[in-house]
Amino acid sequence: MNYKFPQAVATPLKQLIPSAGAEGLALMRDMMSWDPHRRPTAQQVRLVVVVVVVVDVIIVIVVVVVVVIVVAAIPVAVAVVVVSSSSSSSW
């Protein structure tokens, strides 16, 4: 069979999926490899997905903790400002 597939210019995955992270883009690129030996196994894909999800969960937890700390600090900061402004105005 002498069929030649048409050649096309590749569109970067980042352009098609701008919100995807580097790990996700690498995983998609690897999974679409023509060479089956270069494609990741299901076990490798599962490991990458688990790692990415764990990292995302850790980031969310850190953000929530920071927001809670900031929100808890606002009343203290307001009280300090009120006390310092009332004590300085009495002079």
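Residues numbered from 1 in each chain as written. Predicted model: local features only at pLDDT ≥ 70, side-chain atom pairs only at ≥ 80, totals over all residues. Heavy atoms only, no water.

**Considering the overall build of the protein chain**
Which entries qualify depends on this criterion: The helix and strand labels rest on DSSP assignments: H or I over at least four residues marks a helix, E over at least two residues marks a strand, and numbering proceeds from the N terminus. In this treatment the radius of gyration is a C-alpha quantity, and the globule benchmark scales as 2.2 Å times the residue count to the 0.38 power. Type-normalised accessible area, obtained with a 1.4 Å probe on protein chains alone, sets the label of each residue: buried when under 20%, exposed when over 50%, and partly exposed for intermediate values. Residues counted as positive are Lys and Arg, residues counted as negative are Asp and Glu, and His and the chain ends are not counted. Every charge is mapped onto a representative atom, which is NZ of Lys, CZ of Arg, CG of Asp or CD of Glu.
Assigned secondary structure in the protein chain consists of three helices and zero strands. Ordering the α and β elements of the protein chain from the N terminus gives α-α-α. A globule of 91 residues ought to have a C-alpha radius of gyration of about 12 Å, yet the protein chain, at 27 Å, is considerably larger. Principal-axis analysis of the C-alpha atoms gives the protein chain an extent of 95 × 30 × 10 Å. In the protein chain, buried positions account for 5% of the 91 residues. Taking the average place of the 6 positive charges on the side chains of the protein chain and the average place of its 4 negative ones, the gap between the two points comes to 9 Å.

**A few points about the packing of aromatic side chains**
Filter applied, for reference: For this analysis, a ring pair means two rings from Phe, Tyr or Trp (six-membered ring only for Trp) whose centres lie within 6.5 Å, classed as stacked if their planes differ by under 30 degrees, edge-to-face if by over 60, and tilted for the remaining angles.
What the rule picks out here adds up to one aromatic pair. Pairing Tyr3 with Phe5 gives two aromatic rings, centres 5.1 Å apart and planes at 90°, and the pair type is edge-to-face. Neither Tyr3 nor Phe5 differs from the other in exposure class; each is exposed.

**A few points about the confidence of the model for the protein chain**
Short version of the rule: The quantity called pLDDT is the predictor's confidence in a given residue, expressed from 0 to 100.
For the protein chain, mean pLDDT is 86; residues scoring 70 or higher make up 93% of the total. Mean pLDDT across the secondary structure elements of the protein chain bottoms out at helix α3 (residues 42-89), with 84, and peaks at helix α1 (residues 13-16), with 94.

**Some remarks on the pattern of salt bridges**
Should their charged atoms come close, side chains of opposite charge can pair. For clarity, the threshold we go by: Criterion for a salt bridge: a side-chain nitrogen of Lys or Arg within 4 Å of a carboxyl oxygen of Asp or Glu.
Tallied over the entire structure, the rule returns one salt bridge. For Asp30, the salt bridge identified is with Arg29, shortest N-O distance 3.8 Å. The class of Asp30 is partly exposed, set by a relative accessible area of 30%. Accessibility expressed as a relative area gives 51% for Arg29, which makes it exposed.

**Looking at the side chain of Ser33**
Just so we agree on the cut-off: The contact rule is simple, with two residues in contact once any of their heavy atoms fall within 4.5 Å.
Topologically, Ser33 is positioned in the loop between α2 (22-31) and α3. Judged by relative accessible area, which is 13%, Ser33 ranks as buried. With residues up to four places along the chain from it excluded, the contact list for Ser33 reads Arg38 and Arg39.

**Considerations on the environment of Trp34**
Along the chain, the position of Trp34 falls in the loop between α2 and α3. Assessed through its relative accessible area of 84%, Trp34 is described here as exposed. Separated by 21 residues in the primary sequence, Trp34 and Leu13 place their C-alpha atoms 16 Å from one another.

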